[in-house]
Amino acid sequence: MFSCCFRPVVLYSEDAMNIFGMEIVMYIKGKFVSGQELDEVKEVRNSCGLEVSDVDDNMAIHVVAYCVDEETKPVATGRLRFDGEEYTIDALCRRPEETDDYSDFVLKMLIYQAVQHGANQITAFCTASQATLYKRNRFSLLEEIDGICTMKLENASVHHCCN
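Since the model is a prediction, treat every value here as computed from it, not as a measurement.

Asks: Please explain the overall build of the protein as it appears in this structure.
Replies: When helices and strands are tallied, the protein shows five helices and eight strands. The linear arrangement of helices and strands in the protein, starting from the amino end, is β-β-α-α-β-β-β-α-β-α-β-β-α. Per-residue burial for the protein yields a buried fraction of 44% across its 163 residues. Across the protein, every contact between residues at least 6 apart in sequence was considered, and the portion connecting residues at least 24 apart equals 55%. Only carbon and sulfur atoms are counted for the fraction: they give 49% of the accessible area of the protein, which is about 8900 Å².

What follows is the structure, encoded as structure tokens:
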């Protein structure tokens, strides 16, 4: 069960999966970071081979998701930018050995943050392989050029992102 209304700064998700008759519970912890606190963001990006502009990083709110098990390690990240007119989500990535559950968690946190700041629509840039994840979160595909998709979430609300 995902609860993006749990706390505004640190969110948790507990997903139960039934695999071969055994229930497996996955704990995910996430937090918002900005400014000089981007070491873990860069660590995850490096593991994914993702390079982005530091200028845009300095003007963005980032999410870091952690796998909570024996050791808590950063496994996924993404960012939210606002240019005064438009909210944009991009730079979403996760460690290759991890599941899309972490990317989904980060995306939901970014949607939550944008809505809390008054967004009623959000633009996103993602790879073609990530488009399904965005579509599951109510984004529509606007265009795809050279494997990069431009997506749009209209009528964004916390209610819908939590379902």
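Asks: Can you walk me through the packing of aromatic side chains in this structure?
Replies: Any pair of aromatic rings gets described here by the distance separating the centres and the angle formed by the planes. Under the defined criterion, the tally for this structure stands at two aromatic pairs. Consider the rings of Tyr 134 and Phe 139, whose centres lie 5.3 Å apart with planes at 80°: the pair is edge-to-face. Note on Tyr 134: relative accessible area 0%, which makes it buried. The aromatic ring of Tyr 66 is capped on one face by Lys 29, whose charged end is 6.0 Å from the ring centroid.

Asks: What is the right way to look at unusual backbone geometry in this model?
Replies: Excluding glycine, a negative phi dihedral is what most residues carry, and trans is how most peptide bonds are arranged. Even without being glycine, Arg 138 reaches a positive phi, approximately 75°. Arg 138 sits in the partly exposed class, given a relative accessible area of 34%. Within the chain, Asp 146 stands out as a residue other than glycine whose phi angle is a positive 50°. On the secondary structure map, Asp 146 appears in the loop between β7 (140-145) and β8 (148-154).

Asks: Got a minute to help me understand helix α3 (residues 100-116) in this structure?
Replies: Residues three or four positions apart in an α-helix share a direction because the helix packs 3.6 residues into each turn. When the terminal C-alpha atoms of α3 are compared, their 24 Å separation across 17 residues agrees well with the 24 Å that a helix rising 1.5 Å per residue should span. Here α3 lies mainly inside the structure; 14 of its 17 residues are buried. One or two residues past the end of α3 sits Gly 118, with phi positive at roughly 100°.

Asks: Where do I start with the nonpolar core in this structure?
Replies: It is characteristic of soluble globular proteins that their nonpolar side chains tend to be buried jointly. The biggest cluster of nonpolar side chains holds 33 residues, and the ones touching the most others in it are Ile 89, Leu 107, Ile 111, Ile 122, Tyr 134, Phe 139 and Met 151. Breaking this core down by element, the ones donating at least two residues are β2 (22-33), β3 (60-68), β4 (72-82), β5 (87-94), α3, β6 (121-127), α4 (131-136) and β8. Top contributing element to this core by residue count: α3, with 10 residues. When near neighbours in sequence (up to four residues on either side) are disregarded, Tyr 134 contacts Ile 89, Leu 92, Leu 107, Ala 124, Phe 125, Cys 126, Phe 139 and Met 151. By size, the runner-up hydrophobic cluster in this structure holds five residues, among which are Leu 38, Val 41, Val 64 and Tyr 66.

Asks: Just checking my understanding: could you explain the pattern of salt bridges for this structure?
Replies: Side chains that differ in charge, positive against negative, can pair when their charged atoms come close. Under the definition given, this model contains 12 salt bridges. Residue Lys 73 pairs with Glu 98 through a salt bridge whose shortest N-O separation is 3.4 Å. Highlighted residues: Lys 73 in strand β4 and Glu 98 in the loop between β5 and α3, separated in sequence by 25 residues. Close ionic contact of Arg 94 with Asp 100 constitutes a salt bridge, the shortest N to O distance being 2.9 Å. Overall, Asp 100 belongs to the partly exposed group, its relative accessible area being 40%.

Reading guide: rules and limits
- Residues numbered from 1 in each chain as written.
- Predicted model: local features only at pLDDT ≥ 70, side-chain atom pairs only at ≥ 80, totals over all residues.
- Heavy atoms only, no water.
- Helix = DSSP H or I, 4+ residues; strand = E, 2+ residues; numbered from the N terminus.
- Buried < 20%, exposed > 50% of the residue type's maximum accessible area, 1.4 Å probe, protein only.
- Contact = heavy atoms within 4.5 Å.
- Areas by Shrake-Rupley, 256 points an atom, 1.4 Å probe, with all protein chains shown as cover.
- Phe/Tyr/Trp six-rings, centres within 6.5 Å; stacked < 30°, edge-to-face > 60°.
- Lys NZ or Arg CZ within 6 Å of the ring centre and 35° of its normal.
- Expected span 1.5 Å × (residues − 1).
- Core = buried A, V, L, I, M, F, W, Y, C linked by side-chain atoms within 4.5 Å.
- Salt bridge = Lys/Arg side-chain N within 4 Å of Asp/Glu carboxyl O.

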